[in-house]
Amino acid sequence: MRILLAVVASVAATLAFFDTATAQYANLISCLQGIQGNPKSYLTIPSSSTYNTDRLGYNVNFNYKPSALYHPATVDDAGAAIQCAAKYNISIAPRSGGHSFEGYGQGGRDGSLVIDVNQFQQFSMDAQTGVATIGAGTRLGPLYMRLWEAGQFLVPGGTCPSVGIGGIALGGGIGMVSRKYGALTNSIVGMEMLDATGTKRHISETSNPELFWALRGAGGGSFGLVTEFQIQAYKAPSAVTTMVYKYPLASYRAAMEGFTKFGRNAPNEFFGAMSVRSNEIELRVNYLSSASIANKTVAPMLARIGVKPLSSDVQEGSWIKAAAKWSGSTNPLDDPDLSVHRYHRGGSLVYRRLLSVTEMDTIFNNLNRRPAESASAYVIFEMWGGKMDRPPRRSPAAFDRHRGVVLGLDFGITWKDPTNQTGTQCAACLEWSAQFRKELYDAYDGGPQSLEAYQNYIEFDLPNWLEAYYGNGVSRLQQIKKDVDSNNLFTFPQSIPLP
Ligand SMILES: Cc1cc2nc3c(=O)[nH]c(=O)nc-3n(C[C@H](O)[C@H](O)[C@H](O)COP(=O)(O)OP(=O)(O)OC[C@H]3O[C@@H](n4cnc5c(N)ncnc54)[C@H](O)[C@@H]3O)c2cc1C
């Protein structure tokens with residue numbers, strides 16, 4: 001009898017919770033519908049015909065159902081939406097390009113209000129200072145194109161043209177030119193942000209300096225909604241050389257060792273990424289100079305690897321041609337293919353040393369162990385260092401926790417689902433991923449409690465994730481969180497917690 005009563009009480013409590021939640025969501029939606037704003041601002045709610053497409057992120061391994069998705073056309077409308085969420089205590093998920101590994105652009109759980117900044121597309125360039133003003137909804141491909149057209153400028157950033165500047169810039173931003181110009185976040189000189197009360201704040205070295213420190217490295221989704229970035233851009237070099245070498249998987253030790261030993265001390269003009277999959281190794285180099293200089297510089301790396309590549313492709317051209325090549329897409333940079341989605345489970349580790357032979361064997365053995373017919377596992381080695389250790393702007397940032405890192409590993413597994421259902425899990429793939437990560441964590445110096453990882457490849461299961469991403473900056477970040485968002489409105493499963 002006692003058990004029955006307990007069950008009844010628990011069901012009643014659950015129903016009461018859902019009733020309250022449903023009423024809260026209904027109130028939120030009517031508040032959002034009441035915003036007398038710009039007619040171009042629009043709202044998607046669960047009953048909208050576009051809801052199931054609008055809520056999708058790049059990674060369709062998740063099936064999160066936001067309470068609503070609001071797409072403001074103006075900063076004032078975005079502020080009004082924040083006030084609605086605050087009034088009904090609904091957590092807010094800012095979304096830019098929707099590429100979070102864990103679906104945090106959708107809130108990382110059901111019920112969040114997604115504020116999508118896709119209509120913030122402003123762009124201008126101050127030719128005197130080289131500072132670009134960039135709307136927070138801009139994706140990388142269009143950004144690279146706009147910078148190029150404004151006078152052949154570039155900013156450091158990633159390769160994928162559909163990644164949004166909102167997430168990548170606030171968490172780091174590493175790509176083809178980062179060893180020359182640092183991570184993207186270190187080139188930010190200012191931001192416009194709406195805080196948890198919907199109030200506008202200018203963030204810079206002198207205005208809200210604590211937020212300026214926190215947002216550059218730990219800003220994605222935890223402190224407020226960034227609506228605009230001011231970023232230092234750089235004149236692109238006159239020639240850029242792209243180099244692609246393919247090696248058989250059997251030569252993995254020689255390839256990993258030769259590449260990383262060379263890359264560690266390479267000139268800053270060099271950026272290299274080696275992608276290892278179950279059927280091949282592809283080594284990509286982006287070199288910021290002519291082909292003759294690039295060839296001469298990387299010759300010792302190829303000699304160190306000592307295995308004849310299966311193929312090689314070296315091309316000299318402009319920066320924008322190189323960016324288009326690394327995008328891996330036939331779409332023009334300013335029109336990235338937004339229909340691409342993946343079932344994906346991934347993460348990262350970063351190292352202040354190179355890998356041991358045992359770690360290389362762990363990678364090889366796991367890639368050889370294919371968990372499902374449609375699964376494709378990968379490990380990408382990226383050489384950090386260069387200007388990433390000495391950012392061009394001296395103002396400290398939360399991202400500086402990673403100074404001294406020499407090697408970044410980005411790894412994961414993708415799979416297909418014939419039914420194309422959102423949220424489809426491949427149990428064998430997830431198991432593969434867990435086992436692989438465990439082996440890497442166990443081999444890490446100090447073990448799983450001492451990991452260091454790159455927050456833009458965010459991973460829910462990462463042990464000690466706060467320290468792994470933010471190091472000894474955690475308590476400072478928590479204090480800033482308390483000062484700017486004491487009700488924890490900007491929250492998701494791995495947001496900066498209150499102290
Ligand atoms: C295919 C692919 C390729 C990638 N390549 C690279 C690469 O080459 N280099 C690299 O460094 N990283 C790379 N990444 C990782 C990428 O940087 C992160 O996933 C990044 O967070 C994505 O940003 P987003 O705006 O597209 O995603 P979203 O899901 O929209 O946002 C990610 C996080 O940032 C927050 N956020 C977004 N916009 C704002 C805003 N305006 N204000 C406040 N918070 C905001 C969100 O709430 C969320 O927590 C890649 C990811 C993918 C999936």
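All values reported here derive from a predicted model rather than from experimental measurement.

Each value, and the rule that gives it
- Residues numbered from 1 in each chain as written.
- Predicted model: local features only at pLDDT ≥ 70, side-chain atom pairs only at ≥ 80, totals over all residues.
- Heavy atoms only, no water.
- UniProt positions renumbered as here; feature names shortened; annotations may be inferred.
- Helix = DSSP H or I, 4+ residues; strand = E, 2+ residues; numbered from the N terminus.
- Pairing = 2+ DSSP bridges.
- Axes fitted to C-alpha atoms, helices over the stretch in contact; angles between N-to-C directions.
- Contact = heavy atoms within 4.5 Å.
- Disulfide = S-S within 2.5 Å.
- Patch = residues over 30% accessible without salt bridge, like charges linked within 9 Å, V, L, I, M, F, W, Y side chains within 5 Å.
- Areas by Shrake-Rupley, 256 points an atom, 1.4 Å probe, with all protein chains shown as cover.
- Salt bridge = Lys/Arg side-chain N within 4 Å of Asp/Glu carboxyl O.
- Lys, Arg positive; Asp, Glu negative; His and termini not counted.
- Charge placed at Lys NZ, Arg CZ, Asp CG, Glu CD.
- Parallel < 35°, antiparallel > 145°, perpendicular 65-115°, else oblique.
- Nonpolar A, V, L, I, M, F, W, Y, C, P; charged D, E, K, R; others polar.
- Buried < 20%, exposed > 50% of the residue type's maximum accessible area, 1.4 Å probe, protein only.
- Polar contact = N/O pair within 3.5 Å; in protein donor to acceptor, adjacent residues only side chain to side chain.
- Near = heavy atom within 4 Å.

**Q** Help me understand the UniProt feature "domain: FAD-binding PCMH-type" (unreviewed entry) in the protein, please; the structure alone is not making it clear to me.
**A** The UniProt record annotates "domain: FAD-binding PCMH-type" (unreviewed entry) at residues 62-236. For the annotated span residues 62-236, helix accounts for 25% and strand for 26% of the residues, and the straight-line distance between the end C-alpha atoms is 39 Å.

**Q** What am I meant to see in the sheet that holds strand β3 (residues 92-95) here?
**A** Strand pairs in the sheet, formed through backbone hydrogen bonds, run parallel or antiparallel to each other. Taken in spatial order, the four strands make up an open sheet running β1-β2-β4-β3, and their pairing is mixed. Each end of this open sheet is capped by a strand with a single partner; those strands are β1 (42-44) and β3. Each strand of the sheet is rotated relative to its neighbour by a mean of 20 degrees, with strand direction disregarded. As defined by bridge partners, β1 adjoins strand β2 (residues 68-71) across three bridges and the pair is classed as antiparallel. Bridge pairing in β2 links tyrosine 42 to histidine 71. Its contacts with the sheet put helix α3 (residues 75-87) on β2, β3 and β4 (113-116), and the angle it makes with β4 is roughly 170 degrees.

**Q** Explanation requested: the state of the cysteines in the structure shown.
**A** Should the sulfur atoms of two cysteines be covalently bonded, the bond is a disulfide. The full count for this structure, using the stated rule, is two disulfides. For the protein, the disulfide bridges join cysteines in the arrangement 1-2, 3-4, where the cysteines are counted in sequence order.

**Q** Teacher, can you tell me more about a negative patch on the surface here?
**A** Taken together, the side chains of Glu149, Asp334, Asp335 and Asp337 define an acidic patch exposed on the protein surface. Checked against the element boundaries, aspartate 337 lands in the loop between α10 (319-326) and β16 (343-351).

**Q** Just to check I follow, could you spell out the packing of helix α4 (residues 140-149) against α10 for this structure?
**A** To describe two helices that pack against each other, one gives the angle between their axes and the distance between the axes. At a minimum axis separation of 10 Å, α4 and α10 run at an interaxial angle of 170 degrees. It follows from the interaxial angle that α4 and α10 lie roughly antiparallel. Counting all contacts with α4, which are made through Tyr144, Met145 and Trp148, the residues of α10 involved are Trp319, Ile320 and Ala323. A breakdown of the residues in the contact of α4 with α10 according to their chemical character gives six nonpolar, no polar and no charged.

**Q** Please explain the side chain of aspartate 195 as it appears in this structure.
**A** Positionally, aspartate 195 belongs in the loop between β8 (188-194) and β9 (200-204). The class for aspartate 195 is buried, based on a relative accessible area of 5%. Among the polar contacts made by the side chain of aspartate 195, one reaches the side chain of threonine 197 at a distance of 2.7 Å. When neighbours within four sequence positions are excluded, aspartate 195 is seen to be in contact with Ile82, Arg201, Val484 and Phe490.

**Q** Any chance you could explain the site of the ligand here in plain terms?
**A** By nearness alone, 32 residues border the ligand, and Pro94, Gly98, Ile174, Val226 and Tyr454 come closest of all. Contacts to the ligand include glycine 164, whose backbone N or O atom sits 2.8 Å from an oxygen atom. One of the backbone N or O atoms of isoleucine 174 is found 2.7 Å from a nitrogen atom in the ligand. Considering the ligand on its own, with 950 Å² of exposed area, one finds that the protein chains cover 93% of that surface. Among the elements of the structure, β3, α5 (165-171) and β10 (225-232) are those that each provide at least two residues to the shell around the ligand. Element by element, the count of residues in the shell around the ligand is highest for α5, at four residues. Of the residues that constitute the shell around the ligand, the class distribution is 15 nonpolar, 16 polar and one charged.

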